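# Close look at the chain arrangement
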Amino acid sequence: MPDGTSFEAVVTLPNGDKITATVDDQGHFTMPVDGIKEGDELTVEVIAHNGDNEKASDPIIVTVDKAAVTNPIEDYDVATPTLNPAKAGETAVSGTAELGDFPEGTTFMAEMSLPNDETRMLRLNSSNAAADGTFTKESATAEMTVAAANPTNPLENYNVAEPVVDPVKEGDKQVTGSVTLTQPVPDGTSFEVVVTLPNGDKITATVDDQGHFTIPVDGIKEGDELTVEVIVHNGDNEKASDPIIVTVDKAAVTNPIEDYDVATPTLNPEKAGETAVSGTVELGDFPEGTTFEAIMVMPNGRTRIVRLDSSNAAADGTFIIQTDALTAGQVVQVKIIATNGTFTKESATAEMTVAAANPTNPLENYNVAEPVVDPVKAGDKAVRGSVTFTKPIPEGTNFTAVVTLPNGIQVRVPVDENGQFAARVDGLKAGDRIIVQILAENDGYQKASVPVDILVSASDLGNPGGNGNNNGNGTGNNGNGTGDGTGTGNNGSGLGNGQGGSSNGQLGSHGPGTLKPLSISSKALNQANNRQSTNGQHLPQTGEKSTSVWSWLGMLVLTAALFIKRLVPIKRDK
C-alpha cells in the first residue's frame, strides 16, 4: 500500500444522498443510516486517498431485507425445576418451577426423560399459549434418582450367615469367632452374637464391622455344649442366623517353651577344604527337660544334625558339625531346634559363606614383565618408562618401579594403572649405569621382573661420526682375541672384547657417535637382582617375602662387572 494512503467507505442512498465513514486499519467500517426500507437499494464503494489523488473501488449494490423479528424471550431466564423425591413403585414425578415475570404470550412445557430414553411432556399453562410460538428456550436440566422403596421389614429378605467359632477348650476365658456380613447390609442394621451356656444363661457381645466377635465365658468344662448364633437388629425388626453347637474340648497342654527364645547360633568363618562347621549358641536359662539340636543345611539340600548335649557340643554351647570338604562360595545354614515333650521351637537361621583357601603365593606363577625405559641423559631429573602388565593380574597386586643408582641407592615409585612410572633422580653423569626393575607385591609376597641395565648418555651429542677400526690383537692362553670399537661423543671411548688374552684397543676419534651399551651376563644381572639395597630392602625372587636387604651387594656386583670390562685393553684404529 502506498505510504500516506487512507480509505473511506461511501454509501449512496436511494435519494442520492451520500454518507461517508473512515475504513480502519483492519478494513472495517460502520456508517449510520436512517429511514431505509425493505427493497431499497444502497450503493457502497471504497475511496482511496493519497494527497490530491484518489481512486474508487468498483461499487456494489446492497438490497435492504425485511425487518428482523424480535425474540421476546431472548433475555428471559428459564428457571431450573425442583423435583420432589420419588421411590420405587410410585407412578408420578412432581416438582415446581419458579416462572417469575415472563413475556406475554409465553407458554411452558415440562419435559421428563426416563432412563429408557422415553420422554414425557406436560404443558404448564396451556391457557397462556400464543398463536405465534416461533421462539423456544430451555432451562437447565434437573435430575432425581429414584430411591428404593422402604420395605415393611428391611431384614425380611436379608440373609444372616452362620457364625464360625474357634475351637473352645476347658478353662478358656473367652469364645472367639467371626461371621460373614452379607452385602448389602440394610441401613441402620447392627449385629450381635449370643452364646447360650449349658445352664441356659445367655451371653451377648457386639459383632464388629469386620464380622469378628469375642465373648467372655467362665467355668466351661470338657464336653459342655455351647449354642452360638448371630442376631441382626434394624429398628424394631430382628433376624437370627441358624445356631451352631460347639463342644468344649479337653484343656490344652501347656507348651513349656512357648515363651522361650531360641537364640540364633553364631558360625565361625570356614575356608575351602575344611571338613567341619563350628559355632556357638547362647542357650541361657531354658525350661527343664528341653533338649537342643543344631541342624546344618548344605547347598545340595542335605542336612547334618548334632545334639548339643552330646560329645559334639560343649557345655557353653559350642558345637562342631562334621561335613565333607567345603568348597569356596558354598552357603551353609545352621539353626537350633529346642524340643520339650511334643513341642518344638526353632531359632532364626544363621548363614556362613565358605571363603576361598589362602593361596600359598598369589604371585608364584605370575610373570612380571620387564620395563621399557626411556633414554636417560646426563643431568636428567627423572627416569621414565612403562611396563605392559601381564594379564590376568592377581587380585590385590600393586606394582613398583625400582631404580638402582650407581651408588647402590634405590629409588622406588608406584607404577600407575596404565603401566607408566617416573622416578626422580639427581646427579647422573654420562657413563653412569642404572638398573630398572618392576616389583609386584601382593599380601606380603613380592616378585621382581628381569632387570633392565641403562647407560647414561651425554646430555649434548654432536653430529654422528664414523666408526673407528679398533681391532685389537690380544693374545692369551686361549689364542688371539679381537676387539671392536666404535667412536663415541666428545669423550669418546672404545670398548674391546677378547677371550682369555689381552688386546690393546685404541680410542676412536673424538667426533660424536653412538655409544655401544655395555653387556653384562644374565648371571651377573640375576645376582645383582637378588640383593639390591634400598634402606635395608632387596628385590625378592618368586615366593620370597620382604626381608632385610644387603645394600652393598648390588653395588659390589655392578662395580666388579665394570672393573672387569675396564681390564680389557682398547685399541685405537690407525
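Residues numbered from 1 in each chain as written. Predicted model: local features only at pLDDT ≥ 70, side-chain atom pairs only at ≥ 80, totals over all residues. Heavy atoms only, no water.

Moving on, we come to the nonpolar core. The biggest cluster of nonpolar side chains holds 29 residues, and the ones touching the most others in it are Val-376, Val-383, Val-403, Val-415, Ile-434 and Ile-438. Mapped onto this core, the elements with two or more residues apiece are strand 28 (398-404), strand 29 (410-414), strand 30 (420-424), strand 31 (433-442) and strand 33 (452-455). Sort the elements by how many residues they give to this core and strand 31 lands first, with four residues. Leave out the neighbours within four places in its chain, and Val-376 touches Val-383, Leu-428, Ile-434, Ile-454, Leu-455, Val-456 and Ser-457. (Core = buried A, V, L, I, M, F, W, Y, C linked by side-chain atoms within 4.5 Å. Buried < 20%, exposed > 50% of the residue type's maximum accessible area, 1.4 Å probe, protein only. Helix = DSSP H or I, 4+ residues; strand = E, 2+ residues; numbered from the N terminus. Contact = heavy atoms within 4.5 Å.)

Moving on, we get to the sheet that holds strand 27 (residues 382-386). Strand order in the open sheet formed by three strands is 26-27-30, with antiparallel pairing between adjacent strands. At either margin of the open sheet sits one strand with a lone partner, and together these are strand 26 (372-373) and strand 30. Sheet topology note: the strand 27/strand 30 ladder contains five bridges and is antiparallel. Considered in strand 30, the bridge of Arg-384 is made with Ala-422. (Pairing = 2+ DSSP bridges.)

Glancing now at the sheet that holds strand 14 (residues 212-216). Taken together, the three strands give an open sheet; going across it, the order is 10-11-14, and neighbouring strands pair in antiparallel fashion. The sheet is open, and its two borders are formed by strand 10 (164-165) and strand 14, each paired with just one other strand. As paired strands, strand 11 (residues 174-178) and strand 14 are joined by five bridges and run antiparallel to one another. Counted as the bridge partner of Gln-174 is Pro-216 from strand 14.

The subject of this paragraph is the pairing of strand 2 (residues 18-22). In strand 2, alternate side chains face the same way, and those of Ile-19 and Ala-21 are buried while those of Lys-18, Thr-20 and Thr-22 on the opposite face are not. Where strand 1 (residues 6-12) meets strand 2, five bridges bridge the pair, whose relative direction is antiparallel. The residue of strand 2 that forms the bridge with Val-10 is Thr-20. As consecutive antiparallel partners, strand 1 and strand 2 are separated by five residues, and within that stretch Gly-16 has a phi angle of approximately 95°, a positive value.

Relative to the elements of secondary structure, Val-387 occurs in the loop between strand 27 and strand 28. Look at Val-387 and you get buried, because its relative accessible area is 6%. For the pair Val-387 and Phe-421, spaced 34 residues apart in sequence, the C-alpha to C-alpha distance is 8.5 Å. Not counting residues up to four positions away in its chain, the partners in contact with Val-387 are Ala-369, Glu-370, Pro-371, Val-415, Asn-418, Gly-419 and Ile-438.

So, on to the pairing of strand 31. Of all the 10 residues making up strand 31, nine are buried; the element is thus mostly covered by neighbouring parts of the structure. For strand 28 and strand 31, the ladder comprises seven bridges, and the chain directions are antiparallel. Among the inter-strand pairings, Ala-401 is bridged to a residue of strand 31, identified as Ile-438. Pairing analysis gives four bridges linking strand 31 to strand 33, with the strands arranged antiparallel. The partner of Val-436 across the bridge, within strand 33, is Val-452. When strand 31 meets strand 32 (residues 445-448), the two strands line up antiparallel, connected through four bridges. Its bridge partner lying in strand 32, Glu-441 is registered against Gln-446. In this structure, the hairpin formed by strand 31 and strand 32 is closed by a connection of two residues, where Asp-443 is found at a positive phi of approximately 55°.

Let's shift gears to the side chain of Gln-437. Mapping Gln-437 onto the fold places it in strand 31. Using a relative accessible area of 1% as the deciding quantity, one classes Gln-437 as buried. Within polar-contact distance, the side chain of Gln-437 engages the backbone oxygen of Ser-449 at 2.9 Å. (Polar contact = N/O pair within 3.5 Å; in protein donor to acceptor, adjacent residues only side chain to side chain.)

The tally for this structure, following the rule as stated, stands at nine salt bridges. Of the charged contacts in the structure, one is a salt bridge between Lys-381 and Asp-426, with a shortest N-O distance of 2.7 Å. Placement of the pair is Lys-381 in the loop between strand 26 and strand 27 and Asp-426 in the loop between strand 30 and strand 31, with a sequence separation of 45 residues. Looking at Lys-381, the relative accessible area reads 53%, which means it is exposed. (Salt bridge = Lys/Arg side-chain N within 4 Å of Asp/Glu carboxyl O.)

Further remarks concern the packing of aromatic side chains. Taken as a whole and assessed by the stated rule, the structure comprises seven aromatic pairs. Centre to centre, the rings of Tyr-76 and Phe-108 are 6.2 Å apart; their planes meet at 65°, and the pair counts as edge-to-face. Taken together, the residues span a long stretch of sequence, with Tyr-76 in the loop between strand 5 (60-63) and strand 6 (82-83) and Phe-108 in the loop between strand 7 (95-96) and strand 8 (109-113) at a distance of 32 residues. Summarising the burial analysis for this pair, Tyr-76 and Phe-108 share the class buried. Grouped by ring-pair contacts, the aromatic residues Tyr-76, Phe-102 and Phe-108 constitute a single cluster. (Phe/Tyr/Trp six-rings, centres within 6.5 Å; stacked < 30°, edge-to-face > 60°.)

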